[in-house]
Amino acid sequence: PLVECDMNYDGSTEFDITIAESEILDVRQDNIEIAYFETLADVSADANAIANPEAYNNISNPQTVYVKVTNTISNCYVSVPMELIVNLPPAIDPFETYEICATENNNFNLTEINGALMDESFNVLFSYFTNESDARANTNTLDTNYTYQSTNDTLFVRVEFSTTHCFYVHEF
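Residues numbered from 1 in each chain as written. Predicted model: local features only at pLDDT ≥ 70, side-chain atom pairs only at ≥ 80, totals over all residues. Heavy atoms only, no water.

Caption draft 1: View of the sheet that holds strand β6 (residues 77-87). Reading across the sheet, the 4 strands line up as β1-β6-β5-β3 and stay open at both edges, with mixed pairing between neighbours. Of all the strands in the sheet, the pair left with one neighbour each is β1 (2-5) and β3 (32-37). Looking at each pair of strands side by side, their axes are set apart by 25° on average, direction ignored. (Pairing = 2+ DSSP bridges. Helix = DSSP H or I, 4+ residues; strand = E, 2+ residues; numbered from the N terminus. Axes fitted to C-alpha atoms, helices over the stretch in contact; angles between N-to-C directions.)

Caption draft 2: Structural context of the sheet that holds strand β8 (residues 124-129). In space, the 3 strands of this open sheet follow the order β8-β10-β11, with antiparallel pairing throughout. Each edge of the open sheet is held by one strand with a lone partner, namely β8 and β11 (167-171). Pairwise comparison of adjacent strand axes, ignoring direction, gives a mean angle of 20° for this sheet. Pairing between β8 and strand β10 (residues 156-161): 6 bridges, direction antiparallel. Looking across to β10, one finds that L125 is bridged to E160.

Caption draft 3: Quick look at the environment of T141. In this fold, T141 is placed in the loop between α4 (132-137) and β9 (145-147). C-alpha of T141 to C-alpha of V157: the two residues are 16 residues apart in sequence and 9.6 Å apart in space. When near neighbours in sequence (up to four residues on either side) are disregarded, T141 contacts S127, Y128 and F129. (Contact = heavy atoms within 4.5 Å.)

Caption draft 4: Just the packing of aromatic side chains, in detail. Overall, the coordinates contain 5 aromatic pairs when judged by the stated rule. Ring geometry for Y98 versus F108: centroids 6.0 Å apart, planes at 50°, classification tilted. Of the two residues, Y98 is situated in the loop between β6 and β7 (107-109) and F108 in strand β7; the sequence distance between them amounts to 10 residues. An aromatic cluster is built from F95, Y98, F108, Y128 and F172, whose rings are joined through pairwise contacts. The side chain of K68 reaches across the aromatic face of Y77, ending 4.3 Å from its centre. A cation over an aromatic ring shows up here: R158 above the ring of F167, its NZ or CZ 3.6 Å from the ring centre. (Phe/Tyr/Trp six-rings, centres within 6.5 Å; stacked < 30°, edge-to-face > 60°. Lys NZ or Arg CZ within 6 Å of the ring centre and 35° of its normal.)

Such coordinate-based values are descriptive only and should not be taken to indicate function.
In structure tokens, the structure reads:
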């Protein structure tokens, strides 16, 4: 199966289904054509081939698509089912602002926010950042003992499943 992460909770994402060719063919072969289809009926009819298999958006989750490998000399073909699976990021309880009480040394433990983000955090990793690009790249993580600069700091949390590594970035 091909597995991708969803970024917006809709269960749909873009796949490059052509990457399955190397697994199906194992070695480079001459005199073959490869086409991709959403249904077995379309494979048999050789109709409605997927127009852009390098950037295909699934229509259900999970979804089976079919790879048709045709020998151009004999005109015989085999169809290979391929499952597309979309993993969702952890579901959060979004909020715009998280109020804290000012402290003498301007410190706050960011892990206190985890409970406000989600009720069940099993297999979930929380990381905090000062900008969205760092959160997406998972670089320059803030220390959880955060020293705030003002009473209006904007932060980003990356909430990620430790099993699938699918994540969501939330600004607050």
